[in-house]
Amino acid sequence: MSIFDILGPVMVGPSSSHTAGAVRMGQIVRRLVGGEPVRAKILLAGSFASTGAGHGTPRALVAGLMGFDPDDERIPRSFEIAKERGLAFEFGTVALRDAHPNSALITAVNDRGEQVEVGASSPGGGRIRVFEVDGLPASFSGEVPTLIVRSDDMPGYVSRVTGVIAAQGINMSKLQVERNARGGRALMVIECDQRIPYRVKTAITAIEGIHKVTRLNPGEESK
Amino acid sequence: MSTYSSMAELLALSEKNGTPVWKTVQLADCAEQDVTPESSWETMKNLLSVMRETDRGYDRRQRSLSGLSGGDAGLMEDRIASGKSILGPLVSRVAAAALRMGECNACMKRIVAAPTAGACGVLPAVLLTVAEEQHIPDDRVVEALYVAAGVGSVIAQRASISGAECGCQAEIGSAASMAAAALVHLLGGTGEQMSNAAALALKSLLGLVCDPVGGLVEVPCVKRNVTGAVTALTSADLALAGIQSRIPADEVFDAMREVGEKMDRTLRETGEGGLAATPTAKGRE
């Protein structure tokens with residue numbers, strides 16, 4: 001832990017978990033859907049549903065979807081800004097089993113019609129954890145360089161993807177692989193020790209059956 | 001070996017390396033995070049600018065989304081202006097500054113979590129006000145922030161800085177402890193005195209529960225920033241007078257953890273007990 005986890009983050013109040021963490025959640029959904037989100041359906045769970053309004057949680061989530069950082073002073077006006085930018089959003093509540101009390105399930109659609117559904121929690125201090133992508137279980141925070149690969153489930157694809165990473169001299173620290181059915185949809189989450197360069201993304205995207213590759217490098221937020 | 005998990009280790013490290021406490025904290029973090037002291041200094045200096053900017057940008061007309069917070073710092077400022085405050089020029093201004101920052105947080109302004117958003121008013125209220133009153137240069141205030149961060153990281157390692165884990169003593173209590181030690185540095189005290197100030201402040205706030213009305217970071221959080229700030233002032237002054245805490249800081253931190261573990265979950269940020277369970281609090285739901 002850094003001393004700047006003790007003093008900091010610089011953030012728009014009032015709550016690191018319900019405001020700053022909610023912005024981070026929105027940001028990660030933005031990265032996963034890619035491009036510019038034009039529609040979002042946000043379902044709040046637990047404490048996000050019961051105390052979110054007073055904490056500005058909905059405004060923080062929408063701000064994150066537009067790529068704002070947790071210290072962006074436009075967060076309180078995010079609804080109005082979203083309307084200007086053509087991002088339509090709706091809110092609801094959901095009961096999630098086994099999820100942290102501060103959680104949300106977010107479905108976003110981008111300007112190319114691509115869609116993603118993300119479940120994430122905000123356990124405190126502005127940090128977050130994604131626990132679900134497109135209905136498949138996952139566990140990542142984006143605090144270390146992370147590659148998220150959505151694809152068809154097919155023989156040999158794990159080795160082809162990790163081969164690209166190995167060829168770049170990048171060390172993987174954690175690898176998660178999930179699928180919904182044999183030959184169905186698959187999700188790979190790869191956490192790495194080094195920053196993931198753009199060429200890794202393009203090389204993996206070129207592999208047959210790969211649908212979407214997302215790079216999360218800490219400190220490089222989407223704008 | 002540049003890390004520390006107690007005030008005793010931090011002071012010993014400072015002695016051994018011949019570096020002041022603030023510098024010891026800075027260098028340990030630089031080694032751990034692999035950053036240069038220059039870049040670390042810039043980051044810390046920026047935190048000071050954000051604190052000052054938000055303090056100056058306070059608007060007494062601003063209200064929180066819930067309508068529970070806003071305007072109180074303005075009332076305190078009026079009282080100071082009227083010359084009727086019994087707190088004297090320094091303490092009354094510290095109280096107003098703590099309210100300003102607490103209200104800014106509740107009203108979705110930009111703040112520095114120190115160590116949390118709910119307790120963000122304590123440290124700036126004490127440091128900005130005393131530095132201004134005594135014409136202390138910014139560099140020394142930045143150094144004091146390192147001292148605060150060092151104390152905070154020891155508390156985080158030994159106990160907690162989360163209300164959900166250990167109640168408000170871990171938020172306002174930790175903030176007061178950090179601010180007291182920082183203030184000792186600001187006023188030229190020794191490492192021993194910093195440690196005593198940190199201990200004295202937290203001892204005074206031990207057992208404080210986290211019972212936010214409606215689960216929101218507003219009532220009683222905003223006003224408890226005043227309590228934390230004033231406690232930091234008195235603790236630093238006592239320590240600078242040479243008064244010691246009979247229980248060393250590290251043992252006070254450990255006691256805070258023990259008290260936190262014994263605290264009922266309804267009193268740890270759930271918004272179900274204490275003030276949150278009063279008829280008035282319930283009435284607004």
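Residues numbered from 1 in each chain as written. Chains lettered and ligands numbered in written order. Predicted model: local features only at pLDDT ≥ 70, side-chain atom pairs only at ≥ 80, totals over all residues. Heavy atoms only, no water.

Engineer: Where do I start with a nonpolar patch on the surface in this structure?
Structural biologist: A contiguous nonpolar patch, built from Met172(A), Leu175(A) and Val177(A) and spanning about 210 Å² of accessible area, is present on the exposed surface. Considering the arrangement of structural elements, one finds Met172(A) in strand β9 (residues 172–179). (Patch = residues over 30% accessible without salt bridge, like charges linked within 9 Å, V, L, I, M, F, W, Y side chains within 5 Å. Areas by Shrake-Rupley, 256 points an atom, 1.4 Å probe, with all protein chains shown as cover. Salt bridge = Lys/Arg side-chain N within 4 Å of Asp/Glu carboxyl O. Helix = DSSP H or I, 4+ residues; strand = E, 2+ residues; numbered from the N terminus.)

Engineer: Is there a simple way to explain the side chain of Ser15(A) in this structure?
Structural biologist: Tracing the backbone shows Ser15(A) in the loop between β1 (10–12) and α2 (16–33). Of note is the side chain of Ser15(A), whose polar atom sits 3.2 Å from the side chain of Ser17(A). Apart from the residues within four sequence positions on either side, Ser15(A) is in contact with Ala20(A), His55(A), Ala117(B) and Val217(B). (Polar contact = N/O pair within 3.5 Å; in protein donor to acceptor, adjacent residues only side chain to side chain. Contact = heavy atoms within 4.5 Å.)

Engineer: I keep staring at the sheet that holds strand β6 (residues 127–133) of chain A and nothing clicks. Help me out?
Structural biologist: Working definition: the strands of a sheet are paired by backbone hydrogen bonds and lie parallel or antiparallel to each other. All names here are of chain A. A sheet is described by the order of its strands in space; here six strands give the open sequence β3-β2-β4-β5-β6-β7, paired in mixed fashion. Strands with a single pairing partner mark the edges of an open sheet, and in this sheet they are β3 (88–93) and β7 (136–140). Averaged over all pairs of adjacent strands, the angle between strand axes in this sheet comes to 25°, irrespective of strand direction. In the packing of α2 onto the sheet, contacts are made with β2 (37–45), β4 (102–110), β5 (115–124), β6 and β7, and the angle to β5 comes to roughly 155°. (Pairing = 2+ DSSP bridges. Axes fitted to C-alpha atoms, helices over the stretch in contact; angles between N-to-C directions.)

Engineer: Explain the domain arrangement of chain A to me, please; I cannot follow it from the model alone.
Structural biologist: Residues and elements named next belong to chain A. Taken domain by domain, chain A comprises domain 1 (1–133) and domain 2 (143–223). Computed from C-alpha atoms alone, the centre-to-centre distance between domain 1 and domain 2 is 23 Å. For the pair domain 1 and domain 2, the summed buried surface comes to about 1,300 Å²; carbon and sulfur atoms form 40% of the total. A per-residue breakdown of the area domain 1 buries against domain 2 is headed by Arg31, Leu32 and Val133, which together make up 46% of the total. In this structure, Arg127 engages Glu143 in a salt bridge whose closest nitrogen and oxygen atoms are separated by 3.1 Å. Of all the elements in the fold, those that place two or more residues in the side of domain 1 that touches domain 2 are α2, β5 and β6. In the side of domain 1 that touches domain 2, the residues fall into five nonpolar, five polar and seven charged. (Domains from an automatic or database assignment. Buried area = accessible area lost by both parts, 1.4 Å probe. Nonpolar A, V, L, I, M, F, W, Y, C, P; charged D, E, K, R; others polar.)

Engineer: Before we go on, may I ask you to explain the nonpolar core in this structure?
Structural biologist: A general trend in soluble globular proteins is that nonpolar side chains are found buried together. Met44(B) and Leu123(B) are the most contacted members of the largest nonpolar core, which totals 97 residues. In this structure Met44(B) touches Ile3(A), Phe4(A), Leu7(A), Val142(B), Leu145(B), Tyr146(B) and Ala149(B), once residues within four positions along its chain are discounted. In this structure, Ile42(A), Phe48(A), Ala63(A) and Leu136(A) belong to the second largest nonpolar core, which totals 41 residues. (Core = buried A, V, L, I, M, F, W, Y, C linked by side-chain atoms within 4.5 Å. Buried < 20%, exposed > 50% of the residue type's maximum accessible area, 1.4 Å probe, protein only.)

Engineer: It is not clear to me how the interface of chain B and chain A should be interpreted in this structure. Could you clarify?
Structural biologist: When the parts of a complex come together, some accessible area is lost, and that lost area is often used as the size of the interface. Facing the 36 residues of chain B at the interface are 25 residues of chain A. Roughly 2,400 Å² is buried in total at the junction of chain B and chain A, and carbon and sulfur atoms are behind 69% of that figure. Counting across the interface, chain B meets chain A through one salt bridge. Our enumeration of links across chain B and chain A arrives at nine residue pairs in polar contact (both at pLDDT 80 or more). Breaking the side of chain B that touches chain A down by element, the ones donating at least two residues are α2 (21–33), α3 (37–56), α5 (88–106), β1 (110–112) and α7 (138–158) of chain B. Per-class residue counts for the side of chain B that touches chain A are 23 nonpolar, nine polar and four charged. Bridge analysis of β1(A) against β1(B) gives three bridges, and the strand direction is antiparallel. Counted as the bridge partner of Val12(A) is Arg110(B) from β1(B).

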